[in-house]
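# Results of the structural survey
Residue strings, one per chain:
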Amino acid sequence: MEIIFTQIANLGFPIVVSIFLLVRIESKLTDITSSINQLTKAIISNVGEEA
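The following paragraphs examine the structure supplied in this document.

Conventions used here
- Residues numbered from 1 in each chain as written.
- Predicted model: local features only at pLDDT ≥ 70, side-chain atom pairs only at ≥ 80, totals over all residues.
- Heavy atoms only, no water.
- Helix = DSSP H or I, 4+ residues; strand = E, 2+ residues; numbered from the N terminus.
- Rg over C-alpha atoms; globule rule 2.2 N^0.38 Å.
- Buried < 20%, exposed > 50% of the residue type's maximum accessible area, 1.4 Å probe, protein only.
- Patch = residues over 30% accessible without salt bridge, like charges linked within 9 Å, V, L, I, M, F, W, Y side chains within 5 Å.
- Areas by Shrake-Rupley, 256 points an atom, 1.4 Å probe, with all protein chains shown as cover.
- Salt bridge = Lys/Arg side-chain N within 4 Å of Asp/Glu carboxyl O.

A few words on the overall build of the protein chain. A count of helical and extended segments in the protein chain gives one helix and zero strands. For 51 residues, the compact-globule estimate of 2.2 N^0.38 gives 10 Å, and the C-alpha radius of gyration of the protein chain, at 22 Å, exceeds that figure by more than 25%. Viewed in the frame of its principal axes, the protein chain has a C-alpha envelope of about 75 × 10 × 5 Å. For the protein chain, buried positions account for 0% of its 51 residues.

Time to look at the environment of Gly12. Secondary-structure assignment places Gly12 in helix H1 (residues 2-50). As for Gly12 and Ala42, which are separated by 30 residues in sequence, their C-alpha atoms are 45 Å apart.

Next up on the list: a nonpolar patch on the surface. On the surface, a cluster of nonpolar side chains totalling about 780 Å² of accessible area is made up of Phe13, Val17, Phe20, Leu21, Ile25, Leu29, Ile32 and Ile36. Structurally, the position occupied by Leu29 is in helix H1. Take Leu29: its relative accessible area is 48%, and that puts it in the partly exposed class.

As a further point, take the environment of Val16. Residue position: Val16 is located in helix H1. Linking Val16 and Thr40, residues 24 residues apart in sequence, is a C-alpha distance of 36 Å.

Below you can see the structure in the form of structure tokens.
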């Protein structure tokens, strides 16, 4: 029984940390994607004005 608890402790912590980091990174990636899309639109509008 002690082996089972040890394995849960050894595997559970990394799994929880990985999930936490993935959730945080996902929100950051969404923000970065939005910023890149806005930048793309700004560049296109500036290029269109110069032509």
